[in-house]
Every structure is written in C-alpha cells, then in structure tokens.
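Residues per chain, in single letters:
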Amino acid sequence: MAGRLYGVGVGPGDPELMTIKACKIIRSCPVIAVPGKAPEETVAYQIAAGAEPAVREKELLGIHMPMTKDQKILEESHRAAVEKLKEELDAGNIVKANELLGEPYAIHGTVVHGNHIGGSVLGFPTANILPPPEKHLPAFGVYVSKVYVEGTYYGGVTNIGRKPTVSGESPVGAETFLYGIDQDIYGKNIEVQLLSFIRPEKKFDGLEQLKAQIGRDRDYALAYLKNLSDQQITHLS
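Residues numbered from 1 in each chain as written. Predicted model: local features only at pLDDT ≥ 70, side-chain atom pairs only at ≥ 80, totals over all residues. Heavy atoms only, no water.

**Q** Give a description of the packing of helix 3 (residues 71–90) against helix 4 (residues 94–101) that names residues and reports values.
**A** Following both chains from N to C, one finds helix 3 and helix 4 inclined at 155 degrees, their axes separated by 8 Å at the closest point. As summarised for this structure, helix 3 and helix 4 are arranged roughly antiparallel, according to the angle between their axes. Of the two possible hands of crossing, helix 3 and helix 4 adopt the one that is left-handed. Contact residues: Lys84, Leu85, Glu88 and Leu89 in helix 3; Ile94, Lys96, Ala97, Leu100 and Leu101 in helix 4. A class-by-class count of the residues in the contact of helix 3 with helix 4 yields six nonpolar, no polar and three charged. (Axes fitted to C-alpha atoms, helices over the stretch in contact; angles between N-to-C directions. Helix = DSSP H or I, 4+ residues; strand = E, 2+ residues; numbered from the N terminus. Parallel < 35°, antiparallel > 145°, perpendicular 65-115°, else oblique. Left-handed = near helix turned anticlockwise from the far one by under 90°. Contact = heavy atoms within 4.5 Å. Nonpolar A, V, L, I, M, F, W, Y, C, P; charged D, E, K, R; others polar.)

**Q** Residue-level account of the pattern of salt bridges, with values.
**A** Following the criterion strictly, the structure yields seven salt bridges and no others. With its nearest N and O atoms 2.6 Å apart, the salt bridge here joins glutamate 52 to arginine 27. Of the two residues, glutamate 52 sits in the loop between helix 2 (43–51) and strand 2 (59–63) while arginine 27 sits in helix 1 (residues 20–28), which places them 25 residues apart along the sequence. You can call glutamate 52 buried: its relative accessible area is 9%. Of the charged contacts in the structure, one is a salt bridge between aspartate 230 and lysine 146, with a shortest N-O distance of 2.8 Å. Remark: lysine 146 occurs in strand 5 (residues 141–149) and aspartate 230 occurs in the loop between helix 5 (207–228) and strand 9 (233–235); sequence separation between them is 84 residues. Judged by its relative accessible area of 23%, aspartate 230 falls in the partly exposed class. (Salt bridge = Lys/Arg side-chain N within 4 Å of Asp/Glu carboxyl O. Buried < 20%, exposed > 50% of the residue type's maximum accessible area, 1.4 Å probe, protein only.)

**Q** So what's going on with a nonpolar patch on the surface? Residues and values would help.
**A** On the surface, a nonpolar cluster with roughly 460 Å² of combined accessible area is contributed by Val31, Leu61, Ile63, Met65 and Met67. As for its position among the elements, isoleucine 63 is in strand 2. (Patch = residues over 30% accessible without salt bridge, like charges linked within 9 Å, V, L, I, M, F, W, Y side chains within 5 Å. Areas by Shrake-Rupley, 256 points an atom, 1.4 Å probe, with all protein chains shown as cover.)

Shown next as structure tokens:
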C-alpha cells in the first residue's frame, strides 16, 4: 500500500468547529483511518461525519490505537501489537507484517563471505548478511526484496534460513540475489526489505534442483517487482 497520509484532528467537540481544510482533505481521500476496532462507533468518526457527510461513503480502516494517557493501557496495547506482528512474521505473512509496521520489514547488516557457491556453482551470486540473535526473523523461506546499497535501491530475491541443501552447518542468515549489481559489496552495510513471500525454505535432492528452483524464484520476483512499479528501485536487470 502506497500513498500520502494526512492527520486530521476532529475533537472531541462541535463538528462545526472542524476547519474547511480538514473537510477538503476528508473529501479527497479514498480511505479514512479511524482510531478504534469499530470505526463507525468512535467519537472521532461521529464528529467527522457530522461535519463532512462524505466520510460515510469512504472506505474505513480501523486502527487499534487507544486514545488515552493511561500508561498501563498504552503499554498493554504496545505489547499486543508486538505479539500480533510476531505472529504474522512467524507465519511468513510479510505483506500483513509490513502493513502493521507501516513500512517494509527490514534486515540490516554487513555483507560477509559465505560458501562461495552462489555465483561459481549455481550461477546466482548473492550477498550474505547475518542478523543479530535478538532479531525476530520471519518464517524461513524465499522472499521478494528491495535492497539498499550505498544510495541505490536494487530489486532482489532473499532467502531467510540455514540453506539446508548446502552441505555443512550454516548459520541463520539472509542471502540475497540482487538484480543488476556490478560491484563488490563485501564489507559494506546493506538494508534488505522484504516485500512478498514466495515459498518456504526447502532441502532439495541436489544443487541442480536448487539451481532450477532459484531460477524460478528469480523470474517470479522480477515479475512482481516490475508490476510493483517502485520508482526507488533503479536496478531490475
């Protein structure tokens, strides 16, 4: 979901006290976000609808955001929100997790050397980063990604997990193929944003099967990114 977010204060108070500018913003927006699980029952919605009837024709998005100064209520709300986010990440529901975050879930790290089979053996050179142990990772699997490297965004395909097909013990990491990159980025800090879940991590019978699947993952991710039309991503080939 992309767009512009406007904040409109509506009270509590007399609907007639809402400004003309506030009413214009409400009329121009296709979606109205309202604090509360049942938007139409909230005081904010009733005030806004009293001042600008057009709000009743809009798509409503209820946001669980307690309108209170009670610290205990706020802390409990935060705890519940964190648990909900973890549930979505554990299930691999990265699109939903991103909606809850308000931005793409991201992993930051320094590119390190891996087992060096991505480019030489599989034909898909990758950038490896090792998330800190305290980082809550999403379900192990393959994701469409957007990668920030020294001022430039690249489209990517990212595997989160242990690379079970490769022999030997591998630490949990994020391994990313970047479209169109032509520089050595070992030792550089990058940000990997996860956009969409492709498939769970799987142990294949051999490297040839893995190579074929990576090719399909790359094609799927490329089509997804092109359809996304993200103007920040300047490298997709």
